[in-house]
Amino acid sequence: MKQNVKHSYEPIIGIWVKAKPEYIETFIENWENTKQVQAFCVYDVPPILPEGGLVFLHAINLNRLMAYAEYVGYEYIEGWYEHVRIKNDTIWIKERERIWNTYGPNRLHTHDKEEFNDFWEAQKGVRGLFLMRNIFTVTKRVTWDESMKILQVSRPVGFSYKYLTISQVQKFLQLIDVKMEIKVQGITSPKVILKPIINL
């Protein structure tokens, strides 16, 4: 006799991503000063989330959670394959200049063009970026050990970011003392609706 097995599905609505603390500070400062969407470059394929998903920013050197933000979208970087495999940098350099001219200097992790150029070339080069807004500082001190329990990994190495299910996002929000109602709307083009919970 066949038994009916129920499979539970948890939507992926967030990412945990690591960066140098000074980069995160620049993103926070940029957002507070301009309220413009920020572009986070990654040495990997860009994370793809529903619009409105949550981004948790972990400071590498400080080894703690430093900020959280709202996910907007993503871009692939053209010319990366040619740069790495064929050693043809024509498209690669054009993309670097396009990204700087589109997002720099107040929508990137640095205001300095030379620093951006160096970052672009490091670790085999930038492969994509994701966009975020509503960037807030995490005021509560959250250590790597606390994040590790939610991420279920032992060390923050070997990856640029980790995808988060809705329950993991909720655990991170609880960890940083942010009360928020989360709803996922739509199937083909899902969107995350975030609503702060205010205690009266």
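In what follows, the structure referred to is the one given above.
Asker: How do you make sense of the nonpolar core when you look at a structure like this?
Answerer: In a soluble, globular protein the nonpolar side chains are often hidden away together inside. Counting 40 residues, the largest nonpolar core has F40, L57, F130 and I135 as its most contacted members. Apart from residues lying up to four places away in sequence, I135 is in contact with F27, I28, W31, Q38, L57, A67, Y68 and A69. Among the nonpolar cores identified, the runner-up in size contains 24 residues, and F56, Y68, I150 and F172 belong to it.

Asker: How do you make sense of helix 5 (residues 144–151) when you look at a structure like this?
Answerer: It helps to recall that an α-helix has 3.6 residues per turn; residues three or four apart then point in one direction. Those residues of helix 5 that sit buried are W144, S147, I150 and L151. The buried residues of helix 5 occupy an angular sector of 120° when the element is viewed end-on, so they sit on one face. Elements that come into contact with the buried residues of helix 5 comprise strand 1 (12–19), strand 3 (54–59), strand 5 (128–143), strand 6 (161–165) and helix 6 (166–175). The first or second residue beyond helix 5 is Q152, which carries a positive phi of 65°.

Asker: I'm lost on the layout of surface pockets in this one. Help?
Answerer: By rolling a water-sized probe across the atoms, one finds the places where empty space is left. Taken as a whole, the largest pocket holds about 460 Å³ of empty space. As for the largest pocket, its lining consists of 21 residues, of which K18, Y43, I60, F119 and Q123 are closest to the centre. Among the secondary structure elements, those contributing two or more residues to the lining of the largest pocket are strand 1, helix 1 (21–34) and strand 2 (38–42). Looking at side-chain class alone, the lining of the largest pocket contains 13 nonpolar, four polar and four charged residues. Of the voids in this model, the second largest pocket is the one considered here, and its volume is about 160 Å³. Forming the boundary of the second largest pocket are G52, L54, Y68, A69, E70, N134, F136, M180, V192, I193, L194 and P196.

Asker: I tried to follow the pattern of salt bridges on my own but got confused; where do I start?
Answerer: When their charged atoms lie close together, side chains carrying opposite charge are able to pair. Tallied over the full model, the rule gives nine salt bridges. Linking R127 and D44 is a salt bridge whose minimum nitrogen-to-oxygen distance equals 3.9 Å. Separated by 83 residues along the polypeptide, R127 in the loop between helix 4 (113–121) and strand 5 and D44 in the loop between strand 2 and strand 3 bring together distant segments of the chain. Here R127 falls in the partly exposed class, since its relative accessible area comes to 27%. On the basis of relative accessibility, which here comes to 25%, the residue D44 falls in the partly exposed class. Taking the shortest distance from any N to any O, the salt bridge between K113 and E97 comes out at 2.9 Å. Here E97 lies in helix 3 (residues 90–103) and K113 lies in helix 4, a separation of 16 residues in the sequence. Residue E97 is classed as partly exposed on the basis of its relative accessible area of 24%. What emerges from the salt-bridge pattern is a single network uniting E51, E70 and R133.

Asker: Is there a simple way to explain a negative patch on the surface in this structure?
Answerer: Together, E22, E25, E29, E32, D89, D112, E114, E115, D118 and E121 line one region of the surface with negative charge. Those elements that provide at least two residues to the negative patch are helix 1 and helix 4. Within the element layout of this structure, D112 appears in the loop between helix 3 and helix 4. Judged by relative accessible area, D112 falls into the partly exposed class, the value being 39%.

Asker: What should I look at first to understand the sheet that holds strand 6 in this one?
Answerer: Taken in spatial order, the six strands of this open sheet run 2-5-4-3-1-6, and their pairing is mixed. With one partner strand each, in any of the chains shown, strand 2 and strand 6 form the two edges of the open sheet. Between one strand and the next, the sheet's axes are offset by a mean angle of 40°, whatever the strand orientation. The pairing of strand 3 with strand 4 (residues 64–76) spans six bridges and is classified as antiparallel. Bridged to L54 within strand 4 is E70. Of the strands in this sheet, strand 1, strand 2, strand 3, strand 4 and strand 5 are in contact with helix 1, which crosses strand 5 at around 105°. Packing of helix 3 onto the sheet brings it into contact with strand 2, strand 4 and strand 5, and relative to strand 4 it is tilted by some 115°.

Rules used throughout
- Residues numbered from 1 in each chain as written.
- Predicted model: local features only at pLDDT ≥ 70, side-chain atom pairs only at ≥ 80, totals over all residues.
- Heavy atoms only, no water.
- Core = buried A, V, L, I, M, F, W, Y, C linked by side-chain atoms within 4.5 Å.
- Buried < 20%, exposed > 50% of the residue type's maximum accessible area, 1.4 Å probe, protein only.
- Contact = heavy atoms within 4.5 Å.
- Helix = DSSP H or I, 4+ residues; strand = E, 2+ residues; numbered from the N terminus.
- Arc of directions from axis to C-beta.
- 1 Å grid on protein atoms, 1.4 Å probe; cavity = no way out; pocket = protein on both sides within 12 Å on 5 of 7 lines; lining within 4 Å.
- Points joined across faces, edges and corners; volume = space filled by probe spheres on them.
- Nonpolar A, V, L, I, M, F, W, Y, C, P; charged D, E, K, R; others polar.
- Salt bridge = Lys/Arg side-chain N within 4 Å of Asp/Glu carboxyl O.
- Patch = residues over 30% accessible without salt bridge, like charges linked within 9 Å, V, L, I, M, F, W, Y side chains within 5 Å.
- Areas by Shrake-Rupley, 256 points an atom, 1.4 Å probe, with all protein chains shown as cover.
- Lys, Arg positive; Asp, Glu negative; His and termini not counted.
- Charge placed at Lys NZ, Arg CZ, Asp CG, Glu CD.
- Pairing = 2+ DSSP bridges.
- Axes fitted to C-alpha atoms, helices over the stretch in contact; angles between N-to-C directions.

Bear in mind that shape data such as this cannot, by itself, settle questions of function.
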